[in-house]
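Descriptive analysis of the structure
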Amino acid sequence: MTGPAEPYRSPYPTSPGSSTPPAGTTPEEGVHELWVFFWVAVASIVIIAVGGLGAWLYLHH
């Protein structure tokens, strides 16, 4: 491949509330955002599980 690399451009138009990344988003930025989403989801699950376990222990002991 020769010449300067262009930033990745999504072929789909963006709209409010859409999950399509902006046109100038590079693949590296997209992967980073996916990892951030993954860790936020894991943290949310842990928070809900700990809260549920705490409530269960509080009510049954």
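Structure shown above.
About the cut-offs
Residue positions are counted from 1 within each chain, in the order its sequence is given. Owing to the predicted nature of the model, reporting of local features is limited to residues with pLDDT of at least 70; listing and counting of side-chain atom pairs is limited to 80 or more, with chain, interface and lining totals taken over all residues. As a rule here, side-chain values come from all non-hydrogen atoms in the structure, and water together with hydrogens is ignored. Each helix corresponds to a stretch of at least 4 residues labelled H or I by DSSP, and each strand to a stretch of at least 2 residues labelled E; elements are numbered beginning at the N terminus. We call a residue buried when its accessible area falls under 20% of the maximum for its residue type, exposed when it is over 50%, and partly exposed in between, using a 1.4 Å probe and counting protein chains only. Working definition of accessibility: Shrake-Rupley area with a 1.4 Å probe, residue cover restricted to the visible protein chains. For Phe, Tyr and Trp, rings pair up if their centres lie within 6.5 Å, where Trp contributes its six-membered ring, and each pair is then called stacked (planes under 30 degrees apart), edge-to-face (over 60) or tilted (otherwise).

**Brief notes about the overall build of the protein chain**
- Across its full length, the protein chain carries 1 helix and 0 strands.
- The proportion of buried residues among the 61 residues of the protein chain is 3%.
- Of the roughly 5600 Å² that the protein chain leaves accessible, carbon and sulfur atoms contribute 71%.

**Thoughts on the packing of aromatic side chains**
- Applying the stated criterion across every chain, the model contains 2 aromatic pairs.
- Where Phe38 meets Trp39, the ring centres are 4.9 Å apart and the plane angle is 75°; that geometry is what we call edge-to-face.
- Judged by relative accessible area, which is 37%, Phe38 ranks as partly exposed.
- Taken together through their ring pairs, the aromatic side chains of Trp35, Phe38 and Trp39 make up a single cluster.

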